[in-house]
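# Notes for the structure review
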Amino acid sequence: MNNINRLLPGNTKSIPKHSDVDNTEWLALSRSKATRQAAVNSINLELDRKVREYVSSRDFRRVVLSTGLKEKVFDYVNRYSTILSSKGLPSQELGMFLLAGDSPAVSDVYIPPQYVRPAYCEVEFGHDDAVRAEYGKDIISWAHSHGALGVFLSGEDKNTMRHIVPRETKGLATTIDFEWGCNRLSTTLREYPTVVVNNNKGIFCGKAWSYERYVMRDGKMDLEVTYSDDSLLDNLPVVEVEGEQPKSYDAETIDAELLSRVSIPVESGVAKRYTVYRKLKNMPDGVSRKVVSDSSLTDRLRRDWYERIGGREISR
Ligand SMILES: [Zn+2]
């Protein structure tokens, strides 16, 4: 009888059924469409109230990191900056996925394959399985370095956090239980923390979140995700907690990861090339970001991209 799916906007992958909700009783009682819709509205009012109560504290709006993670991020950014200057290149952005295991803190970062420019980076999603195998953790959101620039969330960054990250990553999920009449219902709240850093150890933290609300679909009660709110303008200080630690690393690990996954075009006339690049935002024709996960395909893509942009790679 329960047919409650979590539907992310634009995401068609199948999602496990929600098992906590029994809607048999009220469906039997509420036969007319209008009555059922009124019941759903009333459930959502109670749910909204419960979620508002949960997210209203200042602490909720802050980003929680495992101790040691901030240092790891700065070590990566520092090494990146050293590699770039050793090759005579200007500062470039760097995208990072944020990872979490069983605890609700962000506890590691992963450098995804990406194309970078001084004020732009385009990362590939679709590496969830590889990351889980290597780290035993999930990709829950993303972070990035602004290199030599200041730390803030640009309009594009906020847009990424509100629309792309919730579609492409899992977020940190919390189940919130509430009561409606004598029914015990629940919803899933998802948090998407983000961190912007720079070469001078500047850090900006913010968070977006969403939760599931009830809808009537084909006469059945479903859940669908609604974008809720964010603290992307606040830059509240991070909360650091003991717990799951980031995977250990050294300078060699960092270099190997950066050099194999970050593609930096080197060419003259950067301003002009940059315009061309912006037009290629969605990657070479016919390739979905979601399927780009094996390294040979990535290499082919990279070559193709350099051919089109007329640049070349930094030597390995
Ligand atoms: Zn940015």
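### Description of the overall build of the protein chain
Looking only at helices and strands, one finds nine helices and 13 strands in the protein chain. By the burial criterion, 30% of the 316 residues in the protein chain qualify as buried. Of all intrachain contacts in the protein chain linking residues separated by at least 6 positions in sequence, the fraction that spans at least 24 positions is 71%.

### Quick word on the sheet that holds strand E13 (residues 262-263)
Hydrogen bonds along the backbone pair up the strands of a sheet, which may run parallel or antiparallel. Taking strand neighbours across the sheet as the criterion, the three strands line up as E6-E5-E13 in an open arrangement whose pairing is mixed. Each end of this open sheet is capped by a strand with a single partner; those strands are strand E6 (120-123) and E13. Of the strand pairs in this sheet, strand E5 (residues 114-117) and E13 are connected by two bridges, and their pairing is parallel. Residue pairing across strands places Gln114 opposite Val262, the latter belonging to E13.

### Observations regarding the pairing of strand E9 (residues 183-197)
With eleven of 15 residues buried, E9 lies mostly within the body of the structure. Sheet topology places strand E7 (residues 138-145) next to E9; two bridges connect them, and they run parallel. Paired with His144 across the two strands is Val196, which belongs to E9. By the bridge criterion, nine bridges tie strand E8 (residues 172-180) to E9 in an arrangement that is antiparallel. Each residue of the ladder has a partner; that of Phe178, found in E9, is Leu185. Between E8 and E9, which pair antiparallel in sequence order, lie two residues; one of them, Gly181, sits at a positive phi of approximately 60°. As defined by bridge partners, E9 adjoins strand E10 (residues 203-217) across nine bridges and the pair is classed as antiparallel. Across the sheet, the residue bridging to Thr194 is Gly206, located in E10. Turn length for the E9-E10 hairpin, with the two strands adjacent in sequence and antiparallel, is five residues, and the turn residue Lys201 shows positive phi of about 65°.

### Some words on the environment of Ala105
As for its position among the elements, Ala105 is in the loop between strand E3 (94-100) and strand E4 (108-110). For Ala105 and Val241, which are 136 residues apart along the polypeptide, the C-alpha to C-alpha distance reads 7.4 Å. Sequence-distant contacts of Ala105, defined by excluding residues within four places in its chain, comprise Val64, Leu65, Ser66, Ala100, Val241, Gly243 and Glu244.

### As for the packing of helix H4 (residues 69-86) against helix H7 (residues 251-261)
Axis separation between H4 and H7 bottoms out at 10 Å; the angle between their running directions is 65°. The orientation of H4 with respect to H7, classified from their angle, is roughly perpendicular. Judged by the twist between their axes, the crossing of H4 over H7 is right-handed. For the pair H4 and H7, the contacting residues are Asp75, Tyr76, Arg79, Tyr80 and Ile83 in the first and Ala251, Ile254, Asp255 and Leu258 in the second. For the contact of H4 with H7, a count of residues per class yields six nonpolar, no polar and three charged.

### Some thoughts on unusual backbone geometry
Even without glycine at this site, Lys201 takes up a positive phi of about 65°. Mapped onto the secondary structure, Lys201 falls in the loop between E9 and E10. Judged by C-beta crowding, with 13 C-beta atoms within 10 Å, Lys201 ranks as partly exposed. The residue Asn235 is not glycine, and still its phi comes out positive at about 45°.

### Side note on the nonpolar core
Membership of the largest hydrophobic core comes to 51 residues, with the highest contact counts inside it found for Val73, Met96, Leu98, Val106, Val109 and Ala143. In contact with Met96, not counting residues within four places along its chain, are Val73, Val109, Tyr110, Ile111, Trp142, Ala143 and His144.

### Considering helix H6 (residues 155-168)
Turn by turn, an α-helix covers 3.6 residues, leaving residues three or four places apart pointing in a common direction. Helix length check: H6 (14 residues) gives 19 Å between terminal C-alpha atoms against 20 Å at 1.5 Å per residue, within 8%. Burial in H6 covers these residues: Thr160, Met161, Val165, Pro166 and Glu168. Residues of H6 that are buried sit in contact with E7, E9, E10 and strand E11 (220-230).

### Quick word on the environment of Val262
Looking at the element boundaries, Val262 is found in strand E13. Through-space distance from the C-alpha of Val262 to that of Tyr115 is 6.1 Å; in sequence the pair is 147 residues apart. Not counting residues within four places of it along the chain, the set of residues in contact with Val262 comprises Leu94, Ile111, Gln114 and Val116.

### Some thoughts on the confidence of the model for the protein chain
When pLDDT is averaged along the protein chain, the result is 77, and 74% of the positions lie at 70 or above. With pLDDT under 50 throughout, residues 267-298 is counted as low confidence; its partners more than four residues away or in other chains account for 36 contacts. Note on residues 308-316: pLDDT is under 50 here. Beyond four places in sequence and across chains, it has 21 contacts.

About the thresholds
- Residues numbered from 1 in each chain as written.
- Predicted model: local features only at pLDDT ≥ 70, side-chain atom pairs only at ≥ 80, totals over all residues.
- Helix = DSSP H or I, 4+ residues; strand = E, 2+ residues; numbered from the N terminus.
- Buried ≥ 20, exposed ≤ 12 C-beta atoms within 10 Å, placed from the backbone.
- Contact = placed C-beta atoms within 7 Å.
- Pairing = 2+ DSSP bridges.
- Axes fitted to C-alpha atoms, helices over the stretch in contact; angles between N-to-C directions.
- Parallel < 35°, antiparallel > 145°, perpendicular 65-115°, else oblique.
- Left-handed = near helix turned anticlockwise from the far one by under 90°.
- Nonpolar A, V, L, I, M, F, W, Y, C, P; charged D, E, K, R; others polar.
- Core = buried A, V, L, I, M, F, W, Y, C linked by C-beta atoms within 7 Å.
- Expected span 1.5 Å × (residues − 1).
- pLDDT = per-residue confidence, 0-100.

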